[in-house]
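One letter stands for each residue in the lines below.
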Amino acid sequence: MKIPSLLAQYFYNNKRLDLPGIGSFFIESSSLRDLQNSKQRSVVLDVVTFENNTSLKDSAELIAYISERTGKMKALASSDLDSHLHLARQFLNMGKPFTFEGIGILSTVKPGELEFTPISVPVDKIRENNTDKTTISASPENSSPRYESFLTGPTTKLEWKKPVIGLLLLAGVGITIWGGYIISKKSKSDVVSSDVKTVVPQPVLTDSLLPSDTIKLAETINQPSENYKYVLEVASSKRAFKRFNQFKTIRWKVQMETADSVRYKLFMILPSVADTTRTIDSLTAMTGRKVYIEYQN
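Residues numbered from 1 in each chain as written. Predicted model: local features only at pLDDT ≥ 70, side-chain atom pairs only at ≥ 80, totals over all residues. Heavy atoms only, no water.

(A) Highlighting the pairing of strand β1 (residues 16–19). Sheet topology places β1 next to strand β2 (residues 23–26); four bridges connect them, and they run antiparallel. The residue of β2 that forms the bridge with R16 is F26. (Pairing = 2+ DSSP bridges. Helix = DSSP H or I, 4+ residues; strand = E, 2+ residues; numbered from the N terminus.)

(B) A look at the nonpolar core. Core analysis: the biggest nonpolar cluster contains 62 residues, and F25 and F100 have the highest contact counts within it. Among residues more than four places away in sequence, those in contact with F100 are L19, I22, F25, L85, A88, L106 and I119. (Core = buried A, V, L, I, M, F, W, Y, C linked by side-chain atoms within 4.5 Å. Buried < 20%, exposed > 50% of the residue type's maximum accessible area, 1.4 Å probe, protein only. Contact = heavy atoms within 4.5 Å.)

(C) Spotlight on the environment of K39. Positionally, K39 belongs in the loop between α2 (29–36) and β3 (42–44). The exposed category is assigned to K39, whose relative accessible area is 85%. Through-space distance from the C-alpha of K39 to that of V123 is 8.3 Å; in sequence the pair is 84 residues apart.

(D) Spotlight on helix α4 (residues 74–93). A rise of 1.5 Å per residue sets the reference length of α4, with its 20 residues, at 28 Å; its end C-alpha atoms lie 28 Å apart and thus fit the reference within 8%. For α4, every residue scored as buried is listed here: L76, A77, S78, D80, L81, S83, H84, L85, L87, A88, F91 and L92. Positive backbone phi, approximately 80 degrees, marks G95, located one or two places after α4. (Expected span 1.5 Å × (residues − 1).)

(E) Just the packing of aromatic side chains, in detail. What the rule picks out here adds up to 13 aromatic pairs. On the numbers, 5.0 Å between centres and 45 degrees between planes, the contact of F25 with F50 is tilted. Linking F25 in strand β2 with F50 in strand β4 (residues 49–52), this pair joins segments that are 25 residues apart in sequence. Its relative accessible area of 0% is what places F25 among the buried residues. (Phe/Tyr/Trp six-rings, centres within 6.5 Å; stacked < 30°, edge-to-face > 60°.)

(F) Summary view of the packing of helix α3 (residues 60–70) against α4. α4 packs onto α3 with a crossing angle of 110 degrees between their chain directions and a minimal axis gap of 8 Å. Here α3 lies roughly perpendicular to α4, going by the angle between them. For the pair α3 and α4, contact is made by L62, I63, A64, I66 and S67 and by K74, A77, S78 and L81, respectively. Residue classes in the contact of α3 with α4 are distributed as six nonpolar, two polar and one charged. (Axes fitted to C-alpha atoms, helices over the stretch in contact; angles between N-to-C directions. Parallel < 35°, antiparallel > 145°, perpendicular 65-115°, else oblique. Nonpolar A, V, L, I, M, F, W, Y, C, P; charged D, E, K, R; others polar.)

(G) A look at the pattern of salt bridges. According to the stated counting rule, one finds eleven salt bridges in the structure shown. In this structure, E294 engages K229 in a salt bridge whose closest nitrogen and oxygen atoms are separated by 2.9 Å. With E294 in the segment after β12 (292–293) and K229 in strand β9 (residues 228–236), the pair connects residues that are 65 residues apart, well separated along the chain. Residue classification places E294 among the partly exposed positions, given a relative accessible area of 23%. The exposure class of K229 is buried, given its relative accessible area of 7%. (Salt bridge = Lys/Arg side-chain N within 4 Å of Asp/Glu carboxyl O.)

Remember that the coordinates give geometry; whether it matters functionally is a separate question.
This is the structure in structure tokens:
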């Protein structure tokens, strides 16, 4: 279950939802019972109230709830929540409304002041979310916390090679970009002796590359720059949020933007390199989607 759905479920179970840096949603037990007993197919959540409070800190109970429902360690659950709320704050800071699934819409009235707008929700969804006695099944996904490949969903025992291939591809992309950055930097230096030949080490990808090396290469990809905007994917909100969280899990500084709150663009700002075609090909092979450069005005 994804973060937006978990937040709604937690809200209906606890009658309150505290979001760090944003504020709190409230609903009374009697109002919730009325909604559940409604004979209409959908109802407007005008009984939900919102209190603006940017000083709220992380909720240990909410993180524990997400950890339990997803089978992830609390550190990863906290990271997933932070990514979702960071995106929400970005939208609100830009003056764009942000929808909290199954709860309502927040929009910025003026700096530091948010306004809540109720939404229409199916009654069946409210009943489904209000499940205090929900238990986690003893499936392989929930029996023990584990990291999932960002290129694939849950894997079987026969698919153990896919995460390894993903790590090797990530290493190749990192080495390629770092090598190009070094070449570009050295070409601008005017302090090279005329009788000394500069030899640039060529990146070599071997089967012995370890996950620790991959993390260092991922950090290299995250070098701050504003030279090229590589568009990784344009997708609907559901897929965009999923991919955004997956990239954040492997420490890629992926950014997301939208012009209409329907189609979302995932992109990275990477250093300028001599061979952008090779970088595009590597990222395309890595993400499984055609990557392209969007030149900024």
